[in-house]
Each structure stands twice: as structure tokens, then as C-alpha cells.
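# Fold and contact review
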Amino acid sequence: MLGVIFRQTNKYNTNAAPKPSLSCVLNEALEVLNKGDIGHYAYLLQTCANMKALEEGRQLHALMLKHGTKQTVVLDTKLINLYTQCGFLVYARQLFDKMPERDALSWTVMIGGLAKQGQWEETVRLFYQMRNSGIHPNNFTFPSVLRACANLTALQEGRDIHEYIVRNGFEPDVFVESALIDMYSRCGRLEFARQVFDRMRQRDLVAWNAMIAGYAKNGHNPEAIEVFHEMQLAGFKPDLITWNALISGYSHAGNTDEALKLFNQMQLEGLAPDTVSWTALITGYVHNSKGNKALKLFSQMQQVGFKPNSITIASILPACANLLAIQHGRSMHGYVIRNVFESEIVAGNALVDMYAKCGCLGYARQVFDKMHQRNTVSWNAIIAAYAMHGDGEHALMLFHQMHQECMTPDHITFTSILSACSHAGMVDEGWKCFEQMTQDHGIWPTVEHCACMVDLLGRAGCVNKAYEFIKKMQVQPNACVWGALLGACRIHCNVELGEFAAKNLFVLEPKNAANYVLLSNIFADAGKWAEVAKVRNMMKKRGLKNRPGCSWIEVKNHVHEFVVGDKSHPQINKIYLMLERLAGEMKEAGYVPDTSFVLQDVDNEERERILCGHSERLAIAFGLMNTCHGTPIRVIKNLRVCGDCHIFTRFISKITGREIFMRDGSRFHHFKDGLCSCKDYW
């Protein structure tokens, strides 16, 4: 009778109509089992697992308990498989842990279930537990645990598993070998991946794709293309996975033109792109500071009928942040809510980051507070948000709350919290966090952490202490460390140490014009014009050009760009007239231009004229002219805002009644009613 019933399920593989629903078929089967025929439980459970029929599977499980069905390894394994296939990992693990005995299949099913749900660390741990229990893994076990090693970039464990496979004489298996190629590639050891690939007796499409993706992910695009051609010569036709790997590789390498060519070529060869293809291309444009193109591509993707997923959303949101395109960001948030992505950690984390970088710290916090689940990345994102806004107190509060909720901070958490202390001038708190990192969490300070400490001390005026800290560092100081010291010397006019820091930077970054400019500015502050001339002559000889100040503002969904002394914008004459009028009102309110920030040997009148042409002022004036009263002004600047422009913007916020958000090269400034969120400490 059960055979008759389950032959009906095979109709799902035919074109016969009408097809009985799974529920109807299983209900018939359940009626039979209620009469006492329990010989086909395993078959029924496998059917439920194949069709992800959780409710019917649970009914079967209940019947087994009701009838006192004898517990066997086979039935328990089928139940574990059912629950893992349906995403109920907790139930599966409870059953597994209660099994009186286990065989290789039950271990393999549980390990595979953990891997399928992304429980990478537990997958590896259970694999070693399986070996320690005396049960030998097999070629069905290895792909899951190797995938876990790949995602953890756990090279040592991956090599150990590879050695186990070789040592125990397992027959070559294309699935295992492909998993090994992927693991070595994602751990950055392409030479080992290639050795496995070259020794394969037989290759399938998965193996070719693994090798191509390995080269592409590691930035070896010429080699990826070479294997791509070899694959075609071997008679294999590239599929979507092949093309997506190449598109992603070229996108991440910054060659978006080549990525677009591959995207178009794929379609010419009869393969339609999928969401992964579009996302790879969009990500490339975002990572290469082509936010406008990324946003256009995102719209085009939807116009041709592709639905973005949470990964696409997480990829496009940085474009909104980089352009301060808050309206686009809000539209994305609406899309997330409508498509129920808000509960997904990836999308939630990206929204927190986007709102923070657009100056909307309140919205960032709202998204964070509403997240049903949070991981370490979530906490890092919100702590970094408060850090970039100079709110060290709230950043520390969140850091302590993270501890209370038993979330483990990582090295990024400490980079963010040290940055927050630096921007807020919280020297004692910063030292305490730096010490806790090693003493309480076993995280050894990286060069990034040390750079934060140099910045913390230097900004606070402890420039000599910052230098002493560098001398005692356990890691070699890099350009970030010496750059932090040079920046502090610029703020506090320390010529001697500034010159020393710059000399180190000229060795580490001989082509970085910003370091020469900073040293030139230090000399100019001290009135050492002969030294200024020497530095500028050095730049000229080395073919270096000073990067001009540049600011961006979004008005009516269009991003406008201004450079220092701009004359090209269609409204530039009106902008300068607006600035002239505002300067008069500001002077009446007590504003006195600080011309010391013009580091040129010219008279005061000329210095005032130069200050008037700073890019952030042009952007702010344009925003005031083209937005309604009460609308916040949001500006991005590529360099650190100068002291006089900071004073200017405070006055503007007061006399116009506007909130002004400005993101410069290192942090956010929120101007309101004549005050700035940085409390004039930046």
C-alpha cells in the first residue's frame, strides 16, 4: 500500500496533471501508518527531507514516538537529515547528541547540516570530534568540512585534512579535490590549489570553476582567463558560475571596464546574467568609487526584471554613503522593508553603516536597535558610527553593552573604539581600552591599533608621548603611524618632529603628495618660507601634484562637485555673490576670518579671497541657494576641513538656521545653532 502511495510522489517529476499536493500524499501515508504499518518510516522521512516538508516530517516523528518505534541509527540519521534540510539545526543537534551510537553517515549528515547553515567553526570542531571517536570520515564528509575551512580561512586545519586524506589512501574524488582547490584558494595559497588541480585525473565543470574563481578572487585575472580558455579547449562550456567568477575578479581588481565587457560577452554567448552577476558588477563600481554608475546599474537591474537580494543591497548602500545620497539610501531602506530583508544581518549592518556615513546617526541607531539578530559586525558598525561622529561617550557605552550581551569584540571593534576615544579627546579611556585588548581579550595590538594610539596622543597635544609610543611599538611602524604623528605635528605646529615623521613617510610612500603638502604646511605655519619652497621643489622634481580640495553635495537627486577656487559650475557667479553677502552678515555677528589657514606668502586681503573659494564653502552656498529653508545641508570633503572654514560653517548654521553635516577626510561635523558636534576638537 505504501509503495502505491509513494509512487504518486513520482508524479512531481512528470508532466502529468493534476498533481497531488505533498500534504495529501503524506496524509494518506500517515493513515496507513496509524494502522500499524511502520516499515517505511525511513522512506517517508527521506521524502519529507527531499521536499523540505517540515510539518509532515514532524508528524511522522510524533508517530514514531507514539508507536514506540525502535530507535535505530538509520531512523535517527533520517530525522537529523530532515531537520537540517528544513533549517531546524537545533532539533537536529539535540537528536544527534542523544544518539546512543553513531555511524559515519550520521556524523556526515550532522557535519553537512552545520556547514549548510554556515556554522563553520562548529563544523570543523565536530569533524575532529568524529575522528577522535574512532569513526573514519569519508569522501562525503570532506567537502563540508573543507568548505568550513575555506570560509574560516583556516589553512592549518585545511592542510591537516588534506594530509589525512592522502595518508589514509582515499581514492581521488572530484568533489573532494574541488573543495581542496577552493579551500587553498580562499586561504590565499594558490600554489597548493594549482597542485591539486594539476594532479586531478578527471576534472568536471566544478573543478574548472573552482580554479578560475581561485585565481580571480586573489587578483590573478590573467591566470583566470588562461584557465578559462583551457577549460573551453577541454570541451567544457562556461556556465554562470564561471562568468560570475571572472566578472567579480575584474571588478574587485578595479578593472570595471573589463568586467562590463565580460558581462556583455556572457549574454552574447547565450547566458542571461543572474542576481549574482549584477551584484558582482555593482560591487566593482562601488569599490572603485564609481557610485553614480553603481546606482544607475542598480536601477537598470530592476528595470530588466531582476530582484536584488540582501547581498546586492549591502553592496549598493556604500555608494549612497560615499555620495551622501541620502534620498537613494532611504529608497534602499524602503526596498529592504518591503522585501523583508530588514531582519537579515547583512542588510541591517549595511544600513547602519550607510546612515552613519550620510550623517544620520539617529537613523543608524534606530536600525541597529530594531535588528532582531546582531553579530560582531553589527556592533562594530554602530561603534564606528559614533566614532566617526566624535561621540566617544556613546561609543564606549555601546562597547560595554556589547560585553554585557556576551558578544566577543574583535580587532576591528578595538580599532573603532580607539578611534572614538581619539576623536573625542578621551586619552585615559583610550589607554584603558588599549590595555584591555591584550589583557582581557588576548588580542595583540596591530599596527592599526598603534596608529590609533599615536593619533589619540597626538591630537590631545601629547606629541612627544606619541613619538615615545612609536619607539616602544612591538610592530614595525607603517605609513599610517607616521602619518598620524605628522598630522598631530601639523595641528600643534611641532616643526622638528613633523620633519622627522615626514622623512620616514617619504621613504615608505615616496609618491604620496599629501605627506609633502603637510610638511610644507608645517613650515608655512612657522613662517619658514624657504623650507616651503624646498618641499614644493622636491614635489616638482618627483612629478607630484597637490590634490586639490574637493567637495560634493546632493541636491534633487543629483550630486554636484566643487573644487577649490571653482569657476566651472553653472551657478558659480551667484554662489560667490551669496558668499559675499553671508560674509557681511557673519562679520556683523562677530566672525573674523582667520587668514593664518592660508599657507601662502600673500597679503591679508588676498588670503580672505582664497578662503572664500574653499570647496566646502562653495558647496554650502550652493545648497543654501537650491534647497528649501529648514532642509539640512550635507557635504563631503576629500580633505580635512580647515580651521577658518570650520568657524565659517558654525556661523552659517547660526545665521541661516540650517543644520549642516560635513564629512571631511577623517570624521563628521554636525553644525547646528552656531555649534559643532566635535566641540572644536578635531
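Since the model is a prediction, treat every value here as computed from it, not as a measurement.

Turning our attention to the side chain of Thr283. As for its placement among the helices and strands, Thr283 is situated in helix α17 (residues 275–287). Taking relative accessible area as the criterion, Thr283 reaches 11% and is therefore assigned buried. In terms of polar contacts, Thr283 uses its side chain to reach the backbone carbonyl oxygen of Thr279, at 2.7 Å. Excluding residues that lie within four positions of it along the chain, Thr283 makes contacts with His252 and Ser315.

It is worth spelling out the nonpolar core at this point. Core analysis: the largest hydrophobic core is formed by 176 residues, its most contacted members being Ile316, Ile382, Ile417 and Leu485. Not counting the four nearest positions on each side in its chain, Ile382 is found in contact with Val352, Ala364, Arg365, Phe368 and Leu398. Core analysis: the second largest hydrophobic core is formed by 31 residues, Tyr576, Ala619, Cys642 and Phe651 among them.

This paragraph deals with the pairing of strand β1 (residues 550–555). Along β1, five of the six residues are buried, which leaves the element largely enclosed by surrounding structure. Note: β1 against strand β2 (residues 558–563), six bridges, orientation antiparallel. If you follow Cys550 over to β2, its bridge partner there is Val563.

With that out of the way, let us pick up the environment of Thr631. Among the secondary structure elements, Thr631 is positioned in the loop between α35 (615–626) and β3 (633–637). Assessed through its relative accessible area of 29%, Thr631 is described here as partly exposed. Remark: the alpha-carbon pair of Thr631 and Gly657, spanning 26 residues in sequence, is separated by 9.6 Å. For Thr631, the side chain forms a polar contact with the main-chain oxygen of Cys628, separated by 2.9 Å.

What follows is about the sheet that holds β2. Here we have six strands laid out as an open sheet, ordered β2-β1-β3-β4-β5-β6, and mixed in their pairing. What marks the edges here is a single partner per strand, and that holds for β2 and β6 (675–676). Strand direction decides the pairing type here: β1 and β3, joined by three bridges, are antiparallel. Paired with Ile553 across the bridge in β3 is Val635.

A word on helix α28 (residues 463–472). Every buried residue belonging to α28 is among Val463, Ala466, Tyr467, Phe469 and Ile470, and all of these are buried. Burial along α28 is one-sided: seen end-on, the buried residues are contained in an arc of 155°. Opposite the packed face of α28, turned more than 90 degrees from it, sit the exposed residues Asn464, Lys465 and Lys472.

A separate point is the packing of helix α10 (residues 155–167) against helix α11 (residues 174–186). Across the interface, α10 lies against α11 with an axial gap of 10 Å and an inter-helix angle of 155°. Judged on the interaxial angle alone, α11 and α10 are roughly antiparallel. Every pair of crossing elements has a handedness; the one defined by α10 and α11 is left-handed. Residues Leu155, Gly158, Arg159, His162 and Ile165 of α10 touch α11, and the partners they reach there are Val176, Leu180, Met183 and Tyr184. The class makeup of the residues in the contact of α10 with α11 is six nonpolar, two polar and one charged.

A few words now on helix α7 (residues 104–116). With 13 residues, α7 should cover 18 Å at 1.5 Å per step; its first-to-last C-alpha distance of 18 Å lies within 8% of that length. For α7, every residue scored as buried is listed here: Ser106, Trp107, Thr108, Val109, Met110, Ile111, Gly113, Leu114 and Ala115. Between a side-chain oxygen at the N-terminus of α7 and the backbone nitrogen of Leu105 the separation is 3.2 Å; the capping residue is Asp103. Remark: Gly118 follows α7 within two positions and exhibits a positive phi of approximately 75°.

For the structure on display, the rule yields 19 salt bridges. Among the ionic pairs, Arg365 bridges to Asp369, the shortest N-O distance being 3.0 Å. Residue Arg365 and its partner Asp369 are both found in helix α22 (residues 361–370); the two are separated by four residues, about one turn of the helix. For Arg581, the salt bridge goes to Glu585, with nearest N and O atoms at 2.5 Å. Linking Arg581 with Glu585, this pair stays in helix α33 (residues 572–588), spanning four residues, or about one helical turn.

Scanning the entire structure with this criterion turns up zero disulfides. Here Cys320 is not disulfide-linked; the sulfur of Cys358 is the nearest cysteine sulfur, at 6.8 Å.

This next bit is on a nonpolar patch on the surface. Where nonpolar side chains cluster on the molecular surface, the patch consists of Phe88, Val90 and Tyr91 and spans about 250 Å² of accessible area. Position of Tyr91 relative to the elements: it lies in helix α6 (residues 89–98).

The rules behind the values
- Residues numbered from 1 in each chain as written.
- Predicted model: local features only at pLDDT ≥ 70, side-chain atom pairs only at ≥ 80, totals over all residues.
- Heavy atoms only, no water.
- Helix = DSSP H or I, 4+ residues; strand = E, 2+ residues; numbered from the N terminus.
- Buried < 20%, exposed > 50% of the residue type's maximum accessible area, 1.4 Å probe, protein only.
- Polar contact = N/O pair within 3.5 Å; in protein donor to acceptor, adjacent residues only side chain to side chain.
- Contact = heavy atoms within 4.5 Å.
- Core = buried A, V, L, I, M, F, W, Y, C linked by side-chain atoms within 4.5 Å.
- Pairing = 2+ DSSP bridges.
- Arc of directions from axis to C-beta.
- Axes fitted to C-alpha atoms, helices over the stretch in contact; angles between N-to-C directions.
- Parallel < 35°, antiparallel > 145°, perpendicular 65-115°, else oblique.
- Left-handed = near helix turned anticlockwise from the far one by under 90°.
- Nonpolar A, V, L, I, M, F, W, Y, C, P; charged D, E, K, R; others polar.
- Expected span 1.5 Å × (residues − 1).
- Salt bridge = Lys/Arg side-chain N within 4 Å of Asp/Glu carboxyl O.
- Disulfide = S-S within 2.5 Å.
- Patch = residues over 30% accessible without salt bridge, like charges linked within 9 Å, V, L, I, M, F, W, Y side chains within 5 Å.
- Areas by Shrake-Rupley, 256 points an atom, 1.4 Å probe, with all protein chains shown as cover.

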